[in-house]
Amino acid sequence: MPTELPYAADAEDSLSYDELEVLRIQYQKELNQAHVTIQTKFNYAWGLVKSPLHEHQIEGVRLLQDIYRAEPTRRRECLYYLALGHYKLGNYEEAKRFNTLLMEKEPTNLQAQSLGQLIDKKVATEGYVGMALAGGAAAVGAILLAGLIRRATRK
C-alpha cells in the first residue's frame, strides 16, 4: 500500500465564494421557511468546512455535529467531514477521534486513510515543535539559573 494517498484533497481544496454562496442562499431560504432539510444543512456544512475562513469552518463543524446527533442514519456521512473540519481547525485529537470512528465502519475508505496520515503528520510535527519549545525554555531557564547562582556566589 502506498504511503502517499491522494484522496484527502478536501483538506486543501476550498469552494469558490460563488459556490458557497449558492449553498448559503439555499440554507437561508429554507431557514426562513422554518424547515431546513437535512441534505441542505449537510451541503451547507460541507461547503463551510471546505472554506478557507476559520469562522466558516467552525460553523460547518457545528452544523455537522447537529446532524450527527439528531440523525443517526446520517452519522457515517458526517464522520469524514467532522474529522476534516477539526483537522482544518487544528483540533487534531478530535479529528483523529472522528476519523477513527469512520475507519472502524469503513476500513478501506481511502479518504479516511489519507486524512488519517495527514492528521498523524500534524500531530507529530506539533509534538516536535512542542519539544523544541520546551527544550528552548529549559535552556533559557538553566542559563538564568546559572547567572543567578554566579551572582549569588560573588557577593
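The name given to the protein in an unreviewed UniProt entry is Mitochondrial fission 1 protein, and the organism recorded there is Ephemerocybe angulata. Quoted straight from UniProt, the Sequence similarities (unreviewed entry) entry for the protein says "Belongs to the FIS1 family." Turning to the protein, the UniProt annotation filed under Function (unreviewed entry) states: "Has a role in mitochondrial fission. Has a role in outer membrane fission but not matrix separation."

## Digging into the packing of helix α2 (residues 38–49) against helix α4 (residues 75–89)
Their axes nearest at 10 Å, the elements α2 and α4 cross at an angle of 25 degrees. Considering the angle they form, α2 stands roughly parallel to α4. Between α2 and α4 lies a crossing of left-handed hand. Mapping the contact onto sequence places Phe42, Trp46 and Val49 in α2 and Glu77, Cys78, Tyr81, Leu84, Gly85 and Lys88 in α4. Among the residues making up the contact of α2 with α4, the classes are represented as six nonpolar, one polar and two charged.

Cut-off values and rules
Residues numbered from 1 in each chain as written. Predicted model: local features only at pLDDT ≥ 70, side-chain atom pairs only at ≥ 80, totals over all residues. Heavy atoms only, no water. UniProt positions renumbered as here; feature names shortened; annotations may be inferred. Axes fitted to C-alpha atoms, helices over the stretch in contact; angles between N-to-C directions. Helix = DSSP H or I, 4+ residues; strand = E, 2+ residues; numbered from the N terminus. Parallel < 35°, antiparallel > 145°, perpendicular 65-115°, else oblique. Left-handed = near helix turned anticlockwise from the far one by under 90°. Contact = heavy atoms within 4.5 Å. Nonpolar A, V, L, I, M, F, W, Y, C, P; charged D, E, K, R; others polar.

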